[in-house]
Amino acid sequence: MIPIVPLRDEPDEAQLVWMYEKTAKIYPRAVSGHFARWRWALVWLTQLVFYGAPWLEWNARQAVLFDLASRRFYIFGLVLYPQDFIYLTALLVLSALGLFLFTAVAGRLWCGYACPQTVYTEIFLWVERRIEGDRVARMRLDSAPWTATKLWRKAAKHGVWCAIGLWTGITFVGYFTPIRQLVPAIASFGLGPWEWFWVLFYGFATYGNAGFMREQVCKHMCPYARFQSAMFDRDTLVIAYDAQRGEPRGSRSRKVDPRAAGLGDCIDCTLCVQVCPTGIDIRNGLQYECIGCAACIDVCDGVMDKVGYPRGLIRYSTENGVASRWSPREMWARVLRARVLVYGAILAGIGTVFVASLVLREPFKVDVVRDRGSLARIVADGQVENVYRLQIMNATERTQRYAIAVDGLPGIAVSASEPADIGPAQARWVPVRVQLPHASAAPLAGRSSTITFRIQRLADADQAARTVQEKSTFIVPR
């Protein structure tokens, strides 16, 4: 609060003006309808994937596992190494482009249906309603004095919230530590400090964000709410209130003709405000707090059905569509505009390259490192020898045999090289000695030359041979 110094014609005492007002708690009302069913379908789908994926098995291992300790990333049949970081970059680019595309077409679809904040808020609200009741019952319970009934309801709600948050944290860590080992370790208090930290941190974040912060995350913490307007235009599908049809609003009897009474179709029941998870009034126009959940559409359509008015007072539409009274066909014709087509084309192109790269990627990788302890030396018969270390990374889940050869200079060869056996999803350093005959080495004295290693995966009954080439240098001493 800030003291206001009085002017000469005001009383002597200073007035205190509150510059900040405590945010009122929002009690979203339960809603049913077409979009609510879609939202719950996405809740089930996303949580089945999130909670279920760590328990799936593939080739006698966890199907999805990001093993940071051994630097292996297993995604069903894919085995990725840190050198495959480019795929994560491509995946992030695809996600960003997908978000741009969906936003340009239909606003905050991600926020309203699939964002983890929305999903867990829906789950926590469902628990709250089952234990404490719907909107009015929750408001009465919070304003009532503490009694045994209020205590057990609050304790039960927070107990279930904590259980959901804790299991969410366990599942999250289960993507990095095999979950079939993680759960027994938790029961016996055998986890390491970092595992305990992330289980509790992620569980507490879920409990706090979905149980308490809710709309504050969407309104103040999420950056998407702030820059989404840069991707909107007047042909973006948004949740819109038809003011031309709804105004002037006012209550009336069902028997009253609204046109004869000089009223619009909005009966000012405020249900659209009561069901909004961020507490806005959509009748005031598009606002950045709107997450596009369409709860106001469902409840308004239900009210229109009861009073006998056409649906669509609040609906998915575009600003141009509402202003020009366009039909859905005319509106959709403008939705597929240049911006959307460009986003779609770029997304399709990068997605095609991404999938093709995954399908055509080599089943093994090779890094060539010179042995710094012995760069070049002269051995028997005047041959020049360089020593290398080859890291061969097997990206398959079966033992592979690799043959190593070299070319690039006349007579150059690998000395006494035997095929190297690499286990499933393993990496191994293989020492390699490369020799060059004296006759070929003499003209190259004091110089380094480029050579090429050819590492071939040997064929067997189930797979064809594959070859990877890596360049290095061969040094001839003076």
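Since we're looking at a predicted model, the values are computed, not measured.

Conventions adopted
Residues numbered from 1 in each chain as written. Predicted model: local features only at pLDDT ≥ 70, side-chain atom pairs only at ≥ 80, totals over all residues. Heavy atoms only, no water. Pairing = 2+ DSSP bridges. Helix = DSSP H or I, 4+ residues; strand = E, 2+ residues; numbered from the N terminus. Axes fitted to C-alpha atoms, helices over the stretch in contact; angles between N-to-C directions. Buried < 20%, exposed > 50% of the residue type's maximum accessible area, 1.4 Å probe, protein only. Contact = heavy atoms within 4.5 Å. Nonpolar A, V, L, I, M, F, W, Y, C, P; charged D, E, K, R; others polar. Patch = residues over 30% accessible without salt bridge, like charges linked within 9 Å, V, L, I, M, F, W, Y side chains within 5 Å. Areas by Shrake-Rupley, 256 points an atom, 1.4 Å probe, with all protein chains shown as cover. Salt bridge = Lys/Arg side-chain N within 4 Å of Asp/Glu carboxyl O. Phe/Tyr/Trp six-rings, centres within 6.5 Å; stacked < 30°, edge-to-face > 60°. Lys NZ or Arg CZ within 6 Å of the ring centre and 35° of its normal. Disulfide = S-S within 2.5 Å. pLDDT = per-residue confidence, 0-100. Lys, Arg positive; Asp, Glu negative; His and termini not counted.

**Student:** What's the story with the sheet that holds strand S17 (residues 447–457) in this structure? I'm lost.
**Tutor:** What holds strands together in a sheet is hydrogen bonding between their backbones, with the strands either parallel or antiparallel. The four strands are arranged S15-S13-S17-S18 in an open sheet whose pairing can be described as antiparallel. A strand with exactly one partner marks an edge of an open sheet, and here the two such strands are strand S15 (420–422) and strand S18 (466–476). Strand-to-strand, the axes of this sheet are offset by a mean angle of 30 degrees, without reference to chain direction. Pairing of strand S13 (residues 400–407) with S15 involves three bridges; the strand directions are antiparallel. Within S15, the position partnered with Tyr402 by the bridge is Ala420.

**Student:** Could you clarify how one ought to interpret the pairing of strand S12 (residues 384–394) in this entry?
**Tutor:** A regular strand places its side chains so that they alternate between the two faces of the sheet. For S12, a buried count of ten out of eleven residues is recorded, marking the element as mostly surrounded by other parts of the structure. Examined bridge by bridge, strand S10 (residues 364–370) and S12 share seven bridges and lie antiparallel to one another. Its bridge partner being in S12, Val366 is matched across the sheet by Ile392. Across two bridges, strand S11 (residues 377–378) lies against S12 in antiparallel orientation. Across the sheet, Arg377 pairs through a bridge with Glu385, a residue of S12. As consecutive antiparallel partners, S11 and S12 are separated by five residues, and within that stretch Asp381 has a phi angle of approximately 65 degrees, a positive value. Pairing geometry for S12 and strand S16 (residues 427–436), over ten bridges, is antiparallel. Looking at the pairing, Ile392 lines up with Arg428 of S16.

**Student:** Whenever I open this one, the packing of helix H1 (residues 34–52) against helix H13 (residues 295–307) confuses me. Can you help?
**Tutor:** In helix packing, the relevant descriptors are the interaxial angle and the interaxial distance, both defined with respect to the helix axes. Remark: H1 packs on H13, axes separated minimally by 7 Å, with the N-to-C direction vectors making an angle of 145 degrees. Contact with H1, carried on its side by His34, Phe35, Ala36 and Arg39, involves Ala295, Ile297 and Asp298 of H13 and no other residues of that element. When its residues are assigned to classes, the contact of H1 with H13 shows four nonpolar, one polar and two charged.

**Student:** So what exactly am I meant to see when it comes to the environment of Ala420 here?
**Tutor:** With respect to the helices and strands, the residue Ala420 is situated in strand S15. Residue Ala420 is classed as buried on the basis of its relative accessible area of 3%. Look past the residues within four positions of Ala420 in its chain and what remains in contact with it is Gln400, Arg401, Tyr402, Arg428 and Val430.

**Student:** I would appreciate a short explanation of a nonpolar patch on the surface in the present structure.
**Tutor:** On the surface, Leu56, Trp58, Ile75 and Phe76 cluster together into a nonpolar patch covering about 330 Å² of accessible area. Inspection of the secondary structure puts Trp58 in strand S3 (residues 57–58). Taking the relative accessible area as the measure of exposure, Trp58 reaches 36% and is therefore partly exposed.

**Student:** What am I meant to see in unusual backbone geometry here?
**Tutor:** The phi angle of most residues is negative, glycine excepted, and most peptide bonds adopt the trans form. Glu247 connects to Pro248 through a cis peptide bond whose omega is -5 degrees. If you trace the backbone, Pro248 turns up in the loop between helix H11 (243–246) and helix H12 (271–274). The residue Phe189 is not glycine, and still its phi comes out positive at about 55 degrees.

**Student:** Looking at this model, I keep getting lost on the packing of aromatic side chains. Mind explaining?
**Tutor:** By convention here, two paired aromatic rings are described through the distance between centres and the angle between planes. Going through the model one piece at a time under the given rule, you end up with 22 aromatic pairs. Centroid distance Phe66 to Tyr175: 6.5 Å. Interplanar angle 25 degrees. Geometry classified as stacked. Residue Phe66 is located in strand S5 (residues 64–67), and its partner Tyr175 is located in the loop between helix H6 (148–173) and helix H7 (179–187); the two are separated by 109 residues in the primary sequence. Looking at Tyr175, the relative accessible area reads 11%, which means it is buried. Here the guanidinium or amino end of Lys150 rests over the ring plane of Trp146, the centre of that ring lying 4.5 Å away. Of note, Arg389 hangs over the ring of Trp429, and the distance from its end group to the ring centre comes to 4.4 Å.

**Student:** I tried to follow the state of the cysteines on my own but got confused; where do I start?
**Tutor:** Taken as a whole and judged by the stated rule, the model has zero disulfides. Just so you know, Cys266 is unpaired, no disulfide at all, and the nearest cysteine sulfur is the one on Cys272, 6.5 Å from it. Cys266 gets classed as buried once you look at its relative accessible area, which sits at 7%. Take Cys293: it sits in no disulfide, and the sulfur closest to it among the cysteines is that of Cys276, at 6.0 Å.

**Student:** Where do I start with the confidence of the model for the chain in this structure?
**Tutor:** In low-pLDDT segments, the atomic positions of the prediction should not be examined closely. Summing up the model confidence of the chain, the mean pLDDT is 88 and the portion of residues at 70 or higher is 95%. Averaged pLDDT values over the elements of the chain bottom out at 47 in strand S1 (residues 2–4) and peak at 96 in H6. Low pLDDT, under 50, characterises residues 1–11; the predicted model gives this stretch 17 contacts beyond four residues in sequence or across chains.

**Student:** Is there a simple way to think about the side chain of Glu289 in this case?
**Tutor:** Position of Glu289 relative to the elements: it lies in the loop between H12 and H13. Here Glu289 occupies a buried position and makes no salt bridge, while the nearest side chain of opposite charge, Lys219, is found at 5.1 Å. For Glu289, the contacting residues outside a window of four places in its chain are Arg108, Lys219, Thr278 and Ile280.

**Student:** So what exactly am I meant to see when it comes to the pattern of salt bridges here?
**Tutor:** Pairing between side chains of opposite charge can happen when their charged atoms approach one another. Scanning all chains against the criterion turns up 30 salt bridges. Taking the shortest distance from any N to any O, the salt bridge between Asp407 and Arg454 comes out at 2.8 Å. Taken together, the residues Asp407 in strand S13 and Arg454 in strand S17 connect sequence positions 47 residues apart. When its relative accessible area of 30% is taken as the criterion, Asp407 is described as partly exposed. Taken together, the shared-partner salt bridges in this structure form one network comprising Lys25, Glu128, Arg129, Glu132, Asp134, Arg138, Asp142, Lys154, Lys157 and Arg214.

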